[in-house]
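Observations on chain architecture
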Amino acid sequence: MTGVQTCALPICGVALLDALREPAFRQRLHENAQAKKEIADCAAREVHDGDSIMLDTGSTTSYVAEALLGHRDLTVMTNSVDIANTLATRNGNRVFMAGGELRADDGAVLGGGAVAFIEQFRAHIAFLSVGAIDIEDGLMDYHLSEAEFSRAVIERAERTIVVADGSKLGPRALVRIAGFDAIDSLITDVEPFPALAKRLLRDEVQVIVAGTQA
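Please read these numbers as outputs of a predicted model, since none were measured by experiment.

Another point: the sheet that holds strand S9 (residues 175–178). Taken in spatial order, the three strands line up as S6-S7-S9 in an open sheet, and their pairing is antiparallel. A single partner strand is all that each edge strand has here, and the edge strands are strand S6 (132–134) and S9. Averaged over all adjacent pairs, the angle separating strand axes in this sheet is 40 degrees, with direction ignored. Bridge count between S6 and strand S7 (residues 138–141): three bridges; the pairing is antiparallel. Paired with Asp134 across the bridge in S7 is Gly138. Helix H6 (residues 144–156) contacts S7 and S9 of the sheet and is inclined by roughly 5 degrees relative to S9.

With that out of the way, let us pick up the packing of helix H2 (residues 33–44) against helix H3 (residues 59–67). Between two packed helices, both the angle of their axes relative to each other and the distance between the axes serve to describe the pair. As a packed pair, H2 and H3 sit with axes 8 Å apart at the nearest point and diverge in direction by 55 degrees. Our classification of the angle between H2 and H3 gives oblique. Relative to H3, H2 is oriented so that their crossing is right-handed. Counting all contacts with H2, which are made through Ala33, Lys36, Lys37, Ile39, Ala40, Asp41, Ala43 and Ala44, the residues of H3 involved are Ser59, Thr60, Tyr63, Val64 and Ala67.

Another point: the confidence of the model for the protein chain. A low pLDDT means the predicted coordinates there should not be read in detail. Confidence in the prediction of the protein chain, expressed as mean pLDDT, is 89, and 86% of residues score 70 or more. Confidence over residues 10–19 falls short of pLDDT 50; this stretch has 28 contacts with residues more than four positions distant or in other chains.

Below, the discussion takes up the environment of Thr160. The topology assignment puts Thr160 in strand S8 (residues 157–163). Using a relative accessible area of 2% as the deciding quantity, one classes Thr160 as buried. Sequence-wise, Thr160 and Ala182 are 22 residues apart; in three dimensions their C-alpha atoms are separated by 7.9 Å. Filtering out sequence-adjacent residues up to four positions away, Thr160 remains in contact with Ala126, Leu128, Ile154, Ala182, Ile183, Asp184 and Ser185.

Following the criterion strictly, the structure yields two cavities of 30 Å³ or more and no others. Taken as a whole, the second largest cavity encloses approximately 50 Å³ of empty space. Considering the residues around the second largest cavity, the lining is formed by Asp56, Thr57, Asn79, Arg103, Ala108, Leu110, Glu146, Phe149 and Ser150. Grouping the amino acids of the lining of the second largest cavity by side-chain chemistry returns three nonpolar, three polar and three charged.

About the thresholds
Residues numbered from 1 in each chain as written. Predicted model: local features only at pLDDT ≥ 70, side-chain atom pairs only at ≥ 80, totals over all residues. Heavy atoms only, no water. Pairing = 2+ DSSP bridges. Helix = DSSP H or I, 4+ residues; strand = E, 2+ residues; numbered from the N terminus. Axes fitted to C-alpha atoms, helices over the stretch in contact; angles between N-to-C directions. Contact = heavy atoms within 4.5 Å. Parallel < 35°, antiparallel > 145°, perpendicular 65-115°, else oblique. Left-handed = near helix turned anticlockwise from the far one by under 90°. pLDDT = per-residue confidence, 0-100. Buried < 20%, exposed > 50% of the residue type's maximum accessible area, 1.4 Å probe, protein only. 1 Å grid on protein atoms, 1.4 Å probe; cavity = no way out; pocket = protein on both sides within 12 Å on 5 of 7 lines; lining within 4 Å. Points joined across faces, edges and corners; volume = space filled by probe spheres on them. Nonpolar A, V, L, I, M, F, W, Y, C, P; charged D, E, K, R; others polar.

Given below as structure tokens:
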């Protein structure tokens, strides 16, 4: 199913991003927090008990992990120590964490080892937290290593869902991850501006909007 859908949650404001640099992870956790929680609640509704899921490191995917605390028997693959800590040893979940050096800012494991790790698995759903969504370049991020990990995740998931608040819609970041045709759904808190909505529709990306009444 394609086109813009709604998810009945309260409306929250958005903020703009600098296209060339990204704020610290803890700062991003608090930016647009209500919108990210609403997006995460919508994302959790896409997951069934027993599903296998992949989550990359990001402030919004951290909220998705929190929203999944009521689910059972999940198999989770991630490169985020924050997400692993949230979902491990709960409700029969199995959590697989990429090995390697933890990045100081956000506890992410990146690089060739993390890519090789994720390439060992298949998942029902992948949730990606991108740095920006540009109408021409599609999904973008601020770090090459994050973009490389995201591409590997997309390849190993049956369904890829991008979770991004409205501040990510329109700006351009440093590194291109993939075009819109590489993903299945976008969950956000605002309706995309007309030109972006048209592009998403053309590439058959389902758009789910948290914060509007069905």
